[in-house]
Every structure is written in structure tokens, then in C-alpha cells.
Amino acid sequence: MEYAMTAAADTYAPTDRTVPTRSRERASYDKALVHSILDEGYVCHLGFVRDGAPVVLPTLYGRIGESLYVHGSTGSRPLRATGDGVKAPGLPVCLTVTHVDGLVLARSAFHHSLNYRSVVVHGTAHQVTDPEELRTALDALVDHVVPGRSADSRPANAKELAATAVIRLDLDEVSAKVRTGGPNDDAEDLGLPYWSGVVPVRAVNGTPVPADDLDPAVALPDYLSAP
């Protein structure tokens, strides 16, 4: 089945690659939902084909508008393969981000599940070569992990920029998938003497630990001390 590549301004157009074959009711193409899932994460998984075999790499990322920026080393073969869109056609990739929100425990082993929020992005990645875009992308990568941090640290110098590669993946072919709620126990299992329900899973930041060589006069930044 082919899907039309059209959508409203606040949604992504579904495609053959972004419509799931199972649990289609959990899929969403809402841009606000996709952005919220991406913005809450720290690590993405970047998949591509190298020498005829699939490769998946965990890495940092950041979002600016409708583009994702992924960090890497200039010596990385996949990053070199992305090219600049002129000298090379780019690298076909699939990028995913997932949050686990709960462990769903059913009365039967078959119906155990997870509550989750995920985003899958298909597209062609290109290496960022424009110096201004590269600096903006690197700031976005730092601020994605800790908002406000890029303005509170030394920016990369020429040597560091030369050793750093960033690729851009535009958010064109995108979908989110979300599961919420309790277990889907079968009616005939409801009387079984097994606990059934959801164990919430949450990521919580701990108390910041200063570096051993930090000057005691350097105060904890407000963006780290805020509740």
C-alpha cells in the first residue's frame, strides 16, 4: 500500500516505511509529540549499512527545528560516507529514540509488555560543512544534554572543530509510537493468583558531583541547582 506524501503543517506525512505493521493505533505523526520525545532523550541509535552489513551506533544528538544533528569523529567511516550533498549523495540511515515509561506485568507471560514512547526517522544524512551551521549544531548538541551549558563552557577551538564531525538528518519521514495503560490480560486469566499491573520507570538526575580539581570558588550553575 502506498501512502500520499502530504500532511498538515502540524503533522508528518505517513509513508510505507513509517506506518507500522503491528499496533497501528499506537502510531502518531504529530510533530509536537515527535519533538517532545526527541527533546527528552539523550541517546539515539543510528542505523545504516556498511560493506553490505547492518550497523547500529548509539550516539548523542540535538534538534534544531526540523533537523537532527548527530555527533561523531571525522575519522568515522559512516560519517565520512555522508558527504556534503555535493561531493557525495549522503548516507541512507534510520534513527531511533526510545523512552521506557513502565514495566507492564500481566498474569500471563505472553502479555507482558512495556509502556514506551519512541520515534523512528528515515532519511539521508549529510555531513555539516558550513562553519556557522557546525558551531550552531555543536551548541545544540551540548544544550540538548544540559540546557544552557553551551553558553557556560569554552567553545570548540579550530583544532577541536577539525576533529569533530556532525551530520544532519532532516525530519521528513518520521513517526512516533506510544504505549500507555495497564496489561491486556485475557478474560480467562483474570482469576489467576498472579499480581498484574504497571511498575513506573522514571529517569531522575542525582546531585551534581564537582570535579576533584574544581576551584571551590566556582559555584554550581543555576541550571544544575534548579529543582
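Computed from a predicted model, the values in this text were never measured in an experiment.

Side note on the side chain of Arg-179
- Mapping Arg-179 onto the fold places it in strand 8 (residues 173-179).
- Notably, Arg-179 is buried but unbridged: the nearest opposite-charge side chain belongs to Glu-25, and the N-O separation is 8.4 Å.
- Among the polar contacts made by the side chain of Arg-179, one reaches the main-chain carbonyl oxygen of Gly-181 at a distance of 3.2 Å.
- Among all residues touching Arg-179, those that are not within four sequence positions of it are Arg-26, Val-104, Ser-113, Leu-114, Asn-115, Tyr-116 and Asn-184.

Points about the side chain of Thr-18
- Tracing the backbone shows Thr-18 in the segment before strand 1 (27-28).
- A residue is classified by how much of its surface remains accessible, and Thr-18, at 2% relative accessible area, is buried.
- Here Thr-15 takes part through its backbone nitrogen, which lies 2.8 Å from a polar atom of the side chain of Thr-18.
- For Thr-18, the residues in contact, after removing those within four places along its chain, are Ala-13, Tyr-29, His-122, Glu-173, Val-174 and Ser-175.

With respect to the layout of surface pockets
- Volume-wise, the largest pocket comes out at about 490 Å³.
- In terms of lining, the largest pocket is formed by 18 residues, of which the most central are Pro-208, Leu-220, Pro-221, Tyr-223 and Leu-224.
- Its residues placed into classes, the lining of the largest pocket shows 15 nonpolar, 2 polar and 1 charged.

Let's talk about unusual backbone geometry
- At Asp-51, a residue that is not glycine, the phi angle is positive and equals roughly 55°.
- As for its position among the elements, Asp-51 is in the loop between strand 2 (43-50) and strand 3 (53-64).
- Take Asp-51: its relative accessible area is 65%, and that puts it in the exposed class.

Quick notes on the pairing of strand 3
- By the bridge criterion, 8 bridges tie strand 2 to strand 3 in an arrangement that is antiparallel. Looking at the pairing, Arg-50 lines up with Ala-53 of strand 3.
- Remark: 2 residues form the turn of the hairpin made by strand 2 and strand 3, two consecutive strands paired antiparallel; Asp-51 in that turn has positive phi of roughly 55°.

Some words on helix 3 (residues 131-145)
- In this model, helix 3 (15 residues) spans 22 Å end to end at C-alpha, consistent with the 21 Å of a helix rising 1.5 Å per residue.
- Buried within helix 3 are the following residues: Leu-134, Ala-137, Leu-138, Ala-140, Leu-141 and His-144. For helix 3, the arc enclosing every buried residue in end-on projection is 160°, short of the 170-degree limit, so these residues lie on one face. Exposed and facing more than 90 degrees away from the buried side of helix 3 are Pro-131 and Glu-132.
- One side-chain oxygen of the residue at the start of helix 3 lies 3.2 Å from the amide nitrogen of Glu-132, identifying that residue as Asp-130.

Considering the packing of aromatic side chains
- With the rule as written, the count across this model stands at 0 aromatic pairs.
- Over the face of the ring belonging to Tyr-12 we find Lys-31, whose NZ or CZ atom lies 5.3 Å from the ring centre.

Conventions adopted
- All chains use their own residue numbering, which begins from 1 and follows the written sequence.
- Per-residue local features are limited, in this predicted model, to residues with pLDDT of at least 70; the limit for side-chain atom pairs, both in listing and counting, is 80 or more; totals at the level of whole chains, interfaces and linings are taken over all residues.
- Side-chain calculation: all heavy atoms of the structure are included, whereas hydrogens and water are not.
- Secondary structure is summarised from DSSP: a helix means a run of H or I of at least four residues, a strand means a run of E of at least two, and numbering begins at the N terminus for each.
- Per-residue accessibility, obtained with a 1.4 Å probe over protein chains only, is compared with the maximum for each type, and a residue is labelled buried under 20%, exposed over 50%, and partly exposed between these values.
- Counted as positive: Lys and Arg. Counted as negative: Asp and Glu. His and the chain ends are not counted at all.
- Salt bridge, as used here, is a side-chain nitrogen of Lys or Arg placed within 4 Å of a carboxyl oxygen of Asp or Glu.
- Any pair of nitrogen or oxygen atoms within 3.5 Å is treated as a polar contact; in protein, a donor-acceptor pairing is required on top of that, and neighbouring residues in sequence qualify only through side-chain atoms on both sides.
- By the convention used here, residues are in contact when the closest approach between their heavy atoms is within 4.5 Å.
- A cavity here means a set of 1 Å grid points, computed over protein atoms only, where a 1.4 Å probe fits but cannot escape. A pocket is an open set with protein on both sides within 12 Å along at least 5 of 7 lines, and lining residues have an atom within 4 Å of a point.
- Grid points are joined across faces, edges and corners, and a volume is the space filled by probe spheres set on the points.
- Following the grouping adopted for this structure description, the nonpolar residues are Ala, Val, Leu, Ile, Met, Phe, Trp, Tyr, Cys and Pro, the charged ones are Asp, Glu, Lys and Arg, and the polar ones are all others, Gly among them.
- Paired strands, as defined in this entry, are two strands with at least two bridges between them according to DSSP.
- A helix's residues, less one, multiplied by 1.5 Å, set its expected span.
- To obtain the arc, one takes the directions from the helix axis to the C-beta atoms.
- Only Phe, Tyr and Trp rings are paired, with Trp represented by its six-membered ring, and only when their centres lie within 6.5 Å; those with planes under 30 degrees apart are stacked, over 60 edge-to-face, the remainder tilted.
- Only lysine NZ and arginine CZ atoms are considered, and such an atom sits over a ring when it is within 6 Å of the ring centre and within 35 degrees of the ring normal.

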